[in-house]
Amino acid sequence: MARSITDIELVAKTLGVFRHQIPDLTHTDLEQCRFGFFVGELDHLASEGVKLVWRKSKAALADAGAIVEDVDFGEEFTGWEGEDGKLGKIMNSAADISTFRDYMVHRNKLPGTILDAAETVIPRQETIKIYDQLAALRPKFDEVAGHYDVIITLSTLRE
């Protein structure tokens, strides 16, 4: 997330996102910009206020002359969202690893959420399989995302 294109350029340069060439991210006219709006699997759970802002954002960009399209990454990109989705399993696996030492040494001092994270064991083979699936999606994501200057998705389901 960024406040402006200038901020995105600064972060991209700092992180070396574009190692060979820093593209010009500042178009002279909004009409030259292509915005992709991506609706995730859980976005139907968004509050009415968030849905209203979503619709207003699309309309405002379109009214200003920008190219606004819905983005569909396809079936391969389903099953990733939510606590029980593949990304949730990766997060639980990382939490299990990162909390293990404290769990072993200070178990009686840890809050329930940390205990739950440490005790949620995702089999290593399942985690590796998910990482491999994620890696296989990278070129497919790049192919679709390459058609847009910006892809917008919800960062929250509530105000």
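It should be emphasised that the depicted structure is a prediction, and the values quoted were computed from it without experimental measurement.

Q: Looking at this structure, I do not really get the nonpolar core. What am I missing?
A: Here is a general trend for soluble globular proteins: nonpolar side chains tend to be buried in one another's company. Core analysis: the biggest nonpolar cluster contains eight residues, these being Val71, Phe73, Phe77, Trp80, Ile90, Ile130, Leu137 and Tyr148. For Val71, the contacting residues outside a window of four places in its chain are Gly36, Phe37, Phe38, Val144 and Tyr148. Grouped together as the second largest cluster of nonpolar side chains are six residues, Cys33, Phe35, Trp54 and Ala66 included.

Q: Would you mind going over the packing of aromatic side chains with me for this structure?
A: Two numbers describe a pair of aromatic rings. These are the distance of the centres and the angle of the planes. For the structure on display, the rule yields three aromatic pairs. Measuring from centroid to centroid gives 4.9 Å for Phe37 and Trp54, while their planes differ by 80°, and the two rings are edge-to-face. Here Phe37, found in strand β1 (residues 34-38), pairs with Trp54, found in helix α2 (residues 48-63); they are 17 residues apart in sequence, far enough to count as distant. By relative accessible area, which is 1% here, Phe37 ends up buried. On the basis of an interplanar angle of 15° and a centroid distance of 5.0 Å, the ring pair of Phe73 and Phe141 is categorised as stacked. Taken as a pair, Phe73 in the loop between β2 (67-71) and α3 (86-106) and Phe141 in helix α5 (residues 124-145) lie far apart in primary sequence, 68 residues in all. Classification of Phe73 by relative accessible area gives buried; the value is 9%.

What counts as what
Sequence positions are assigned chain by chain, starting from 1 and proceeding in written order. Totals for whole chains, interfaces and linings use all residues, but because this is a predicted model, local features are given only for residues with pLDDT of at least 70 and pairs of side-chain atoms are given and counted only at 80 or more. The basis for the side-chain values is all heavy atoms of the structure; hydrogens and waters are excluded. Side-chain atoms within 4.5 Å link the members of a nonpolar core, which is a set of buried Ala, Val, Leu, Ile, Met, Phe, Trp, Tyr and Cys residues. Three labels apply to residues, based on accessible area from a 1.4 Å probe with only protein chains included: buried if under 20% of the type maximum, exposed if over 50%, partly exposed otherwise in between. For this analysis, residues touch if any pair of their heavy atoms sits within 4.5 Å. Classification of ring pairs uses Phe, Tyr and Trp, with its six-membered ring standing for Trp, and accepts pairs whose centres are within 6.5 Å; under 30 degrees between planes counts as stacked, over 60 as edge-to-face, and the remaining range as tilted. To qualify as a helix, a DSSP run of H or I must reach at least 4 residues; to qualify as a strand, a run of E must reach at least 2; elements of each kind are numbered from the N terminus.

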